[in-house]
Amino acid sequence: MRKNILRMLPVLLAVLLLGSGTALWLNGRSPASGSGVAEETADASTGVSGEKAGEQTETEGSSDSSGVETSGGDVQSDRTEQIEQSESGQALHVTVLGDSIAKGYSGSKEVEIECYGSLAAQRISEEAGEPYSYQNFAKNGLDSAGMNEKILPREDVQESIASADVIFITLGSNDLLNECKSVVQEILNTDKKFRSADDALEVLEDAVKENPFLILKIISALSNWDYHSFETQWISMMDTVCSLKKEDAAIIVTNIYNPVANLELPSTMNQVVEDIIGNMNSIIDDHAAGYGYCVADLFGSEISEHVQDDGLHPDQEGQQLISDIVCEEYKTLSQE
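Residues numbered from 1 in each chain as written. Predicted model: local features only at pLDDT ≥ 70, side-chain atom pairs only at ≥ 80, totals over all residues. Heavy atoms only, no water.

I'm lost on unusual backbone geometry in this one. Help?
Although it is not a glycine, Asn189 adopts a positive phi angle of roughly 55 degrees. Within the fold, Asn189 resides in the loop between helix 6 (173–187) and helix 7 (197–210). (Helix = DSSP H or I, 4+ residues; strand = E, 2+ residues; numbered from the N terminus.)

Structure follows, in structure tokens:
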């Protein structure tokens with residue numbers, strides 16, 4: 001039994017580190033410093049983008065170029081594309097908010113991932129026959145509290161939301177990550193701040209060797225997670241966004257997908273994963289009508305088949321798939 005449980009540990013860690021932001025680091029840190037993206041400017045007449053390349057790595061407790069305090073790790077500057085305006089002076093403006101999935105996180109310095117928001121903005125612009133402008137304020141490791149405390153109070157973010165015709169939001173996975181970290185620390189009765197997944201795994205392995213049933217306590221604690229805090233933060237976020245946005249602006253949020261959907265997990269563990277994600281997605285769904293946003297269903301998609309080597313973050317095909325899904329939601333919303 002002990003050997004079986006130990007073999008389950010890597011899978012459990014993948015489950016615990018679900019989703020976005022610094023998903024392979026338990027204290028807001030990425031597994032590898034990806035290439036930072038500076039400002040990007042596109043020419044509407046040619047459709048060719050010119051990019052200023054830059055790399056920026058932040059240490060814990062530092063501030064990024066916008067003055068936002070970060071938790072450290074692979075912090076990229078906001079990506080902005082500005083397209084020449086039409087003769088009427090109008091352009092479709094797209095604003096992206098969220099975590100590393102919305103940011104377009106890449107686990108390799110050699111590979112740049114274009115995020116779904118950028119891809120979707122281009123497609124919507126082309127189909128509408130209108131020029132567009134695009135701003136991405138997504139941050140690696142961002143949870144709902146961080147969105148409300150660090151991102152939405154920014155003047156540039158508020159101005160972008162106020163002028164947006166389309167707003168994309170991807171958030172929630174890091175709320176689960178933070179809860180998982182707290183559960184592990186509490187059950188192991190440690191104040192240790194895990195610097196990485198390997199660090200956490202090593203501590204867990206040592207603890208489980210002494211007491212194999214600790215893994216069951218972790219699963220049980222996660223099963224009993226109180227989602228009230230996430231819902232409170234979600235409501236606060238949507239209150240702010242809706243108070244700033246234009247009346248006819250379209251808001252499309254993505255729900256949380258299951259990155260271990262294709263693994264043959266033990267039935268009990270698989271059910272825990274499904275329940276946790278399902279409860280969070282239910283909260284997102286429950287408030288859609290009240291705030292007038294559409295939910296792009298990633299949970300029921302094939303995103304988990306298009307991820308990077310970490311098994312969690314979407315690769316370029318995955319980002320394209322997310323773009324296709326949110327574009328279909330936008331098309332449905334615009335036809336109503």
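Once you've had a look at it, read on.
Would you explain helix 8 (residues 214–223) in this entry?
Since the α-helix turns once every 3.6 residues, residues separated by three or four places project in the same direction. Those residues of helix 8 that sit buried are Leu214, Ile215, Ile218, Ile219 and Leu222. Around the axis of helix 8, the buried residues are gathered within 145 degrees of arc, so they sit on the same side. (Buried < 20%, exposed > 50% of the residue type's maximum accessible area, 1.4 Å probe, protein only. Arc of directions from axis to C-beta.)

Looking at this structure, I do not really get the packing of helix 6 against helix 8. What am I missing?
Packed helices, taken two at a time, are described by their axes: the angle between them and the distance between them. In the contact formed by helix 6 and helix 8, the axes pass within 10 Å of each other and the chain directions differ by 140 degrees. Between helix 6 and helix 8, the crossing angle belongs to the class labelled oblique. Read as a crossing pair, helix 6 and helix 8 show a hand that is right-handed. Across from Cys180, Val183, Val184 and Ile187 in helix 6, the residues of helix 8 making contact are Leu214, Lys217, Ile218, Ala221 and Leu222. When its residues are assigned to classes, the contact of helix 6 with helix 8 shows eight nonpolar, no polar and one charged. (Axes fitted to C-alpha atoms, helices over the stretch in contact; angles between N-to-C directions. Parallel < 35°, antiparallel > 145°, perpendicular 65-115°, else oblique. Left-handed = near helix turned anticlockwise from the far one by under 90°. Contact = heavy atoms within 4.5 Å. Nonpolar A, V, L, I, M, F, W, Y, C, P; charged D, E, K, R; others polar.)

What should I look at first to understand the confidence of the model for the chain in this one?
Keep in mind that low pLDDT regions are not for reading the predicted coordinates in detail. Considering every residue of the chain, the mean pLDDT works out to 74; 67% of them sit at 70 or more. In the model, residues 1–77 has pLDDT below 50 throughout and makes 199 contacts with residues more than four positions away in sequence or in other chains. (pLDDT = per-residue confidence, 0-100.)

Teacher, can you tell me more about the pairing of strand 5 (residues 132–136) here?
Consecutive side chains along a regular strand alternate between the two faces of the sheet. The element strand 5 is extensively covered by neighbouring structure, given that four of its five residues are classed as buried. Relative to strand 5, strand 4 (residues 92–98) runs parallel, the two being bridged by five bridges. The residue of strand 5 that forms the bridge with His93 is Ser133. (Pairing = 2+ DSSP bridges.)

Honestly, the packing of aromatic side chains in this entry has me stumped. Any pointers?
Counting across every chain of the model gives three aromatic pairs. With a centroid separation of 5.8 Å and 50 degrees between ring planes, the pair formed by Phe230 and Trp234 is classed as tilted. Remark: Trp234 and Phe230 occur in helix 9 (residues 228–244); sequence separation between them is four residues, near one turn of the helix. The exposure class assigned to Phe230 is buried, which follows from its relative accessible area of 2%. Between Trp234 and Tyr293 the ring centres are 6.2 Å apart and the planes differ by 70 degrees, which places this aromatic pair in the edge-to-face class. Of the two residues, Trp234 sits in helix 9 while Tyr293 sits in the loop between helix 11 (288–291) and strand 8 (294–296), which places them 59 residues apart along the sequence. The burial state of Trp234 is the same as that of Tyr293; both residues are buried. (Phe/Tyr/Trp six-rings, centres within 6.5 Å; stacked < 30°, edge-to-face > 60°.)

Help me out: how do you make sense of the nonpolar core in this one?
Where a protein is soluble and globular, its nonpolar side chains tend to be buried together. Core analysis: the largest hydrophobic core is formed by 43 residues, its most contacted members being Leu97, Ile169, Trp234, Met237, Val241 and Tyr293. Not counting chain neighbours up to four residues away, the residues in contact with Trp234 comprise Leu171, Val253, Ile284, His287 and Tyr293. Core analysis: the next-biggest nonpolar cluster, separate from the first, contains 25 residues, Cys115, Cys294, Ile303 and Ile325 among them. (Core = buried A, V, L, I, M, F, W, Y, C linked by side-chain atoms within 4.5 Å.)

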